[in-house]
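A closer look at the structure
Residues per chain are reported as follows:
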Amino acid sequence: MRTGAAKPFEDPGRGRRAVVEVMVMNRAIAKLIQTEQTHQIPAQLQTGKEQGMQPMDMALLNAITAKLVDPDDAYRYATDRKKFERFVTDTTVLPSGMSATPAPAAGQAPGKSTGTDAG
């Protein structure tokens, strides 16, 4: 049995797109639910990749990488927002006093300048 949670995202020019968290009901998940330890389910989703499980944050990061969703929207839905800060383009969504460091352009190493330096 599989369960999933989806977040709809507007995809300009193409309508809506769903980003999905997938949980497979296995013995470990069932036991966590029966013993009221549901706070440990996210850790089980991480370890259940081989069974097709996917946490929402992983699905969001994959969708950003594939350029399927707006990074600012993904940030709003993320559980661990720290992982998403470098992709954010609208800094008003970030906590006060923070600014996003943009992700490096394709083929560019992090920390490398693309422009010419004066001096």
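Throughout what follows, the structure given in this document is the object of discussion. (Residues numbered from 1 in each chain as written. Predicted model: local features only at pLDDT ≥ 70, side-chain atom pairs only at ≥ 80, totals over all residues. Heavy atoms only, no water.)

Brief notes about unusual backbone geometry
- Positive phi, close to 55 degrees, is recorded for E36, a residue that is not glycine.
- When you line up the elements, E36 lands in the loop between helix 1 (27-34) and helix 2 (41-47).
- Residue class for E36 comes out exposed when judged on its relative accessible area of 70%.
- One non-glycine residue, K67, adopts positive backbone phi at about 60 degrees.
- Tracing the backbone shows K67 in the loop between helix 3 (56-65) and helix 4 (71-77). (Helix = DSSP H or I, 4+ residues; strand = E, 2+ residues; numbered from the N terminus. Buried < 20%, exposed > 50% of the residue type's maximum accessible area, 1.4 Å probe, protein only.)

Section: the nonpolar core
- Residues V19, L60, I64, V69, A74, Y75 and F84 are the most contacted members of the largest nonpolar core, which totals 16 residues.
- Counting residues per element, this core draws most heavily on helix 3, which supplies five residues.
- Once you skip the residues sitting within four places of it in the chain, V69 turns out to touch F9, R17, V19, A63, I64 and A74.
- With seven residues, the next largest nonpolar core counts V24, I29, I41 and L45 among its residues. (Core = buried A, V, L, I, M, F, W, Y, C linked by side-chain atoms within 4.5 Å. Contact = heavy atoms within 4.5 Å.)

Considering the packing of aromatic side chains
- One pass over the full model with this rule turns up zero aromatic pairs.
- One Lys or Arg, R81, reaches over the ring of Y75 and ends 5.1 Å from the middle of that ring. (Phe/Tyr/Trp six-rings, centres within 6.5 Å; stacked < 30°, edge-to-face > 60°. Lys NZ or Arg CZ within 6 Å of the ring centre and 35° of its normal.)

Brief notes about the environment of L32
- If you trace the backbone, L32 turns up in helix 1.
- Sequence spacing of L32 and Q44 is 12 residues, and the spatial spacing of their C-alpha atoms is 9.3 Å.
- Residues in contact with L32, not counting those within four places in the same chain, are Q37, T38, Q40, I41 and Q44.

Digging into the pattern of salt bridges
- One pass over the structure, following the stated rule, counts two salt bridges.
- Where R76 meets D73, a salt bridge forms, and the shortest distance between an N and an O atom there is 2.9 Å. Of the two residues, R76 and D73 are both situated in helix 4; the distance of three residues between them amounts to about one turn of the helix.
- With a relative accessible area of 39%, R76 lands in the partly exposed category.
- In this structure, the salt-bridge partner of K82 is E85, at a minimum N-O distance of 3.8 Å. (Salt bridge = Lys/Arg side-chain N within 4 Å of Asp/Glu carboxyl O.)

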